[in-house]
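The lines below spell out each chain.
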Amino acid sequence: MDAKQLLDSLEHGVVAIAPDWTIAAWTATAARITGLPAERVLGQSFWVAFPAAKATHIERVLQEVLHDGKSQTYLAPAAATDFPGMVFETQVSRGPHNHVIMVFRQVREELGPESRAAHLMSALETERRLYLQLFNSLPTPALVLTVDGQIIESNPEGVKLLGAADAVALRGRPMGDWTPAAHRGPLAAALRDAVTQRQELRLTVEYAGEPPRDVRAVIVNVDPMRQSPKLLFLALDVSRESLLQQRLLQADRLSQLGALVSGVAHELNNPLAAIAAFGEALVLDPTQSDVQESAEVIRSEAMRAGRIVQTLLDFARQRPRVKTAVDLGEIADRVLALQRSGFKKARIRASVSVPKDVPAVAGDPQELQQVLLNAVVNARQAIEAGGRPGHIVITAQVTGKHVVVTVEDTGPGVPPEILDRVFEPFFTTKAEQGTGLGLAISFGLVRGMGGRMWMQNVEGGGARLSFELPVDVGEPGAGSRAAAGSEPRRLSVLVIEDEDSVRRAMALLAKRLGHEVTTVARFDDATERLAVPNVRYDALLVDVHLDDEHTGFDLFERLRVEGRGRERRIVFTTGDSISLQTRDALQQADRPVLRKPFSLDELREILERVAGT
């Protein structure tokens, strides 16, 4: 009989642990007693196979035997569920090559009562310490209560929830001391019912000096065999969860706003494009001096309405972050245009002071617009709270390689004691009217663009929100300046637009620029016109939405497959680019976009750019 067969025939289980704590041997008797087959534990770390032994007297015994070589014996409850209530006697010794040898057997009646009792008490004390450690390490508040709600024990998170100094200060106090009167009845009923069945309830926890907290609790009887059961009260603070749900609802409303704006943008921007074009045509006619002022009003107000729609689209749009040159003056003007009505009602004068020599900054236009809009809204609300007329000024100045932007108001300013907290998420002084996220989001957006943001009070009253962004290192305007300096040439332009008034307006403006213009309304008409031999177009103005069956992208794809390069002459026109499908298609086509309504200068620039490629 070899050594393995001999070991497997013993009534004792034998385990050999290598110096690196991997299990090197596991006899058949060890597998039978513990219920763990050899293939499941051999080669594994002892602490992985038996995690409950870590940080207990078992680890202490193993370490001591490995250190001094003196054998030790201990008793411990069995961990295997196949042997509930069993206790094993284990002898630990040091074997050859610093292996630890464990020989264990099930405790039987031949042990002396005094010796067994002593060892059992030691084992039970070990288990008690283990469960106490688990209780105190729970990441959620946990309390042990009596049926009438008195606190027996609390873990550290429970102490925090109730705002106490330590667990000792809570013992013997009723849980009802921390709940409003309206919740004490449901809490008492849940405690009584938890004696026989697990209970769940929602309640509010409150104490002086702190806002109330919404708690979702689970109550379980962990000692059902006793006449005086002990109830485990596990609590989850859902105050922030509730707040986040409110924020998500607000975000959902904003998303719905975006969908609404997207739906009306196309219908609104098309007539605005026609109004702006015909108004500009009247302004340019020197023989109509008596109507020139009215025409200028028509044109400028149509363009303003178009900018407002575009601003709403940009604000509601969800898209990946971009980094490009951003004109601060343009962004500030767009933000103030959105707030024009609110300023009038609040008797607020708003102005922008961005000198012409202030360079563009490197950032995301949409995110920068959101930062400025949030700052302006906060300033307006601060002035409104005072009930007096006020003034908001947006300024920008260069400091080295950065541009510092400030939004200053004449409101009451920020209380000094909270000035350091204004950028904390969910911190607000506006109660239910505030989200506590605006400045925190703005702070993160500015930091994401490589800048920083700070807040300070203005001497004499008011607050000043400042942020700085890096100067854009490129020269985005160089191309357009070079084009402006060259002599414009007469172009052959094909306009493909389904709406009659917009088509006529685009043709009118293109002719004003001295170009030869051909117009068609439908996809089929466009393909027929493009099939005419020996006819060349320098630019194609193609509406994204052509007809019920075709889009401008269908025409782009046909010209691309054709292989003659004519797709590079396309300029897409659109009054709605918020839908994901449209945006993705525009990005994939990588062609210029003329957004409706547009000005004569915008049309000139984009036609010269396309014709020059």
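Just so it is clear, the model here is predicted, and its values are computed rather than measured.

Reading the values: the criteria
Residue indices follow the written sequence of each chain, beginning from 1 at its first position. Given that this is a predicted model, residues contribute local features only at a pLDDT of at least 70 and side-chain atom pairs are listed and counted only at 80 or more, while totals for whole chains, interfaces and linings are drawn from all residues. Heavy atoms throughout the structure, all of them, feed into the side-chain values; hydrogens and water do not. Only DSSP runs of H or I reaching four residues or more are called helices, and only runs of E reaching two or more are called strands; each is numbered from the N terminus. Throughout, exposure labels follow a simple rule: accessible area from a 1.4 Å probe, protein chains only, divided by the maximum for the residue type, with under 20% read as buried, over 50% as exposed, and the rest as partly exposed. A contact between two residues is defined here by any heavy atoms of the two lying within 4.5 Å. Lines fitted to C-alpha atoms define the axes here, with helix axes fitted over just the stretch in contact, and angles between the N-to-C directions of these axes take values from 0 to 180 degrees. Here a crossing is called left-handed whenever its near helix is offset anticlockwise from the far helix by less than a right angle, and right-handed whenever the offset is clockwise. Nonpolar residues are Ala, Val, Leu, Ile, Met, Phe, Trp, Tyr, Cys and Pro. Charged residues are Asp, Glu, Lys and Arg, and all others, Gly as well, are polar. Note on pairing: two strands pair once DSSP finds at least 2 bridges between them. Handedness of a crossover: with both strands directed away from the viewer, a clockwise path from the first strand across the helix to the second marks it as right-handed. Think of pLDDT as the predictor's per-residue confidence, scored from 0 to 100. Small angles under 35 degrees read as roughly parallel and large ones over 145 as roughly antiparallel, with 65 to 115 read as roughly perpendicular and the rest as oblique. Nonpolar side chains (Val, Leu, Ile, Met, Phe, Trp, Tyr) are joined into patches within 5 Å and like charges within 9 Å, using only residues with over 30% relative accessible area and no salt bridge. Exposure was quantified through the Shrake-Rupley algorithm and a 1.4 Å probe, taking into account, for residues, occlusion by the shown protein chains and nothing else. Salt-bridge detection follows one rule: a side-chain nitrogen of Lys or Arg within 4 Å of a carboxyl oxygen of Asp or Glu. In this tally, Lys and Arg are treated as positive and Asp and Glu as negative; His is ignored, and so are the chain termini. The location of each charge is read from NZ of Lys, CZ of Arg, CG of Asp or CD of Glu. Each Phe, Tyr or Trp ring, with Trp reduced to its six-membered ring, pairs with another whose centre is within 6.5 Å; inter-plane angles below 30 degrees give stacked pairs, above 60 give edge-to-face pairs, and intermediate values give tilted ones. The span one expects for a helix is its residue count, reduced by one, times 1.5 Å. Each direction from the helix axis to a C-beta atom contributes to the arc, which is the arc of those directions. Joining through side-chain atoms within 4.5 Å is the link that ties buried Ala, Val, Leu, Ile, Met, Phe, Trp, Tyr and Cys residues into a set, and such a set is a nonpolar core.

1. With respect to the overall build of the protein chain
A count of helical and extended segments in the protein chain gives 20 helices and 22 strands. Relative to its full complement of 613 residues, the protein chain shows a buried share of 42%. Residue pairs at least 24 apart in sequence account for 57% of intrachain contacts in the protein chain once pairs closer than 6 positions are excluded.

2. Remarks on the packing of helix α13 (residues 365–386) against helix α14 (residues 438–448)
Direction vectors running N to C along α13 and α14 enclose 145 degrees, while the axes themselves pass 9 Å from each other. When you trace α13 past α14, the crossing you get is left-handed. Residues Glu-367, Gln-370, Val-371, Asn-374 and Asn-378 of α13 lie in contact with α14, whose contacting residues are Gly-438, Leu-439, Ile-441, Ser-442, Leu-445 and Val-446. Here the residues of the contact of α13 with α14 sort into five nonpolar, five polar and one charged.

3. Describing the side chain of Thr-574
Tracing the sequence through the fold places Thr-574 in strand β21 (residues 570–574). Among all residues touching Thr-574, those that are not within four sequence positions of it are Asp-543, Val-544, Val-593, Leu-594, Arg-595 and Lys-596.

4. What about the pairing of strand β20 (residues 539–543)?
Burial within β20 is extensive, with five of its five residues counted as buried. As defined by bridge partners, strand β18 (residues 492–496) adjoins β20 across four bridges and the pair is classed as parallel. Each residue of the ladder has a partner; that of Val-495, found in β20, is Leu-541. When β20 meets β21, the two strands line up parallel, connected through four bridges. Paired with Leu-540 across the two strands is Ile-570, which belongs to β21. The parallel pair β20 and β21 is bridged by helix α18 (residues 552–562), and the resulting crossover is right-handed.

5. Considerations on the confidence of the model for the protein chain
Detailed conclusions should not be drawn from predicted coordinates in areas where pLDDT is low. Residues with a pLDDT of 70 or more make up 75% of the protein chain, whose mean pLDDT is 79. When the criterion is pLDDT under 50, residues 475–485 qualifies, and its contacts beyond four places in sequence or with other chains add up to two contacts.

6. Observations concerning the side chain of Thr-204
Inspection of the secondary structure assignment puts Thr-204 in strand β8 (residues 199–205). Setting aside residues up to four positions removed in sequence, Thr-204 forms contacts with Trp-178, Thr-179, Pro-180, His-183, Pro-212, Arg-213 and Asp-214.

7. Some thoughts on the sheet that holds β20
An order of β19-β18-β20-β21-β22 is seen for the five strands of this open sheet, with the pairing classed as parallel. With one partner strand each, in any of the chains shown, β19 (516–520) and β22 (593–595) form the two edges of the open sheet. The sheet shows a mean angle of 20 degrees between the axes of neighbouring strands, taken without regard to direction. Direction of pairing for β21 relative to β22: parallel, over a ladder of three bridges.

8. Some details on the packing of helix α17 (residues 523–530) against α18
Interaxial distance between α17 and α18 falls to 10 Å at its minimum, and their mutual angle equals 25 degrees. Overall, the two elements α17 and α18 adopt an arrangement that is roughly parallel. Here α17 and α18 pass one another in a crossing that is right-handed. Contacts between α17 and α18 involve Phe-523, Ala-526, Thr-527 and Leu-530 from the former and Asp-554, Leu-555, Arg-558 and Leu-559 from the latter. Grouping the constituent residues of the contact of α17 with α18 by class yields five nonpolar, one polar and two charged.

9. Comments concerning a negative patch on the surface
A cluster of acidic side chains, namely Asp-524, Asp-525, Glu-528, Asp-548 and Glu-549, defines a negative patch on the protein surface. With respect to the helices, strands and loops of the structure, Glu-528 is situated in helix α17.

10. Details of the sheet that holds strand β10 (residues 231–237)
The strand order across the open sheet built from five strands is β7-β6-β10-β9-β8, with neighbouring strands paired in antiparallel fashion. Every other strand in the sheet has two partners, leaving β7 (151–154) and β8 as the edge strands with one partner each. Averaged over all pairs of adjacent strands, the angle between strand axes in this sheet comes to 30 degrees, irrespective of strand direction. In this structure, strand β9 (residues 213–221) lies alongside β10, joined through seven bridges in antiparallel fashion. By the bridge assignment for β10, Val-218 is matched with Leu-234. The sheet strands contacting helix α8 (residues 181–193) are β6 (142–145), β8, β9 and β10, and the helix crosses β8 at an angle near 150 degrees.

11. Looking at the packing of aromatic side chains
Tallied over the full model, the rule gives two aromatic pairs. Where Phe-553 meets Phe-572, the ring centres are 4.9 Å apart and the plane angle is 50 degrees; that geometry is what we call tilted. Pair noted here: Phe-553 is in helix α18 and Phe-572 is in strand β21, with a separation of 19 residues, a long-range link. The exposure classification of Phe-553 matches that of Phe-572, with both residues buried. Considering the side-chain rings of Phe-556 and Phe-572, the 6.2 Å spacing of their centres and the 50 degrees angle between planes classify their relative orientation as tilted. Taken together, the residues span a long stretch of sequence, with Phe-556 in helix α18 and Phe-572 in strand β21 at a distance of 16 residues.

12. Remarks on unusual backbone geometry
Unusually for a residue other than glycine, Asn-98 sits at a positive phi of about 60 degrees. Considering the arrangement of structural elements, one finds Asn-98 in the loop between β4 (87–94) and β5 (100–106).

13. Details of helix α20 (residues 600–611)
Think of an α-helix as turning once every 3.6 residues; residues three or four places apart then point the same way. End to end, α20 covers 16 Å across 12 residues, agreeing with the expected 16 Å (1.5 Å per residue, within 8%). For α20, the full list of buried residues reads Leu-600, Leu-603, Ile-606, Leu-607, Val-610 and Ala-611. All buried residues of α20 project into a common sector of 135 degrees when viewed along the axis, lining one side.

14. Thoughts on the pattern of salt bridges
Inspection of every chain in the model, using the stated rule, returns 20 salt bridges. Asp-500 is the partner of Arg-504 in a salt bridge, and the nearest nitrogen-oxygen pair spans 3.6 Å. Taken as a pair, Arg-504 and Asp-500 lie in helix α16 (residues 500–512) at a separation of four residues, close to a single helical turn. Each of Arg-489, Arg-536 and Asp-538 takes part in one network of salt bridges that share partners.

15. Quick notes on the environment of Phe-553
Among the residues examined, Phe-553 registers a relative accessible area of 17% and is labelled buried. Separated by 11 residues in the primary sequence, Phe-553 and Val-542 place their C-alpha atoms 8.9 Å from one another. The residues contacting Phe-553, other than those within four sequence positions of it, are Val-544, Phe-572, Thr-582, Ala-585 and Leu-586.

16. A look at the nonpolar core
Counting 40 residues, the largest nonpolar core has Leu-328, Leu-368, Leu-372, Ile-394, Val-405, Met-455 and Phe-467 as its most contacted members. For this core, the secondary-structure elements that each account for two or more residues are α11 (328–338), α12 (340–346), α13, β14 (390–399), β15 (402–409), α14, β16 (452–457) and β17 (463–470). A per-element tally of this core places α13 first, with nine residues. Contact partners of Ile-394, with chain neighbours within four places excluded, come to Ala-332, Leu-336, Ser-351, Val-352, Ser-353, Leu-372, Val-376, Val-405, Thr-406 and Val-407. The next biggest cluster of nonpolar side chains, apart from the first, holds 24 residues, and it includes Val-493, Met-506, Ala-510 and Leu-513.

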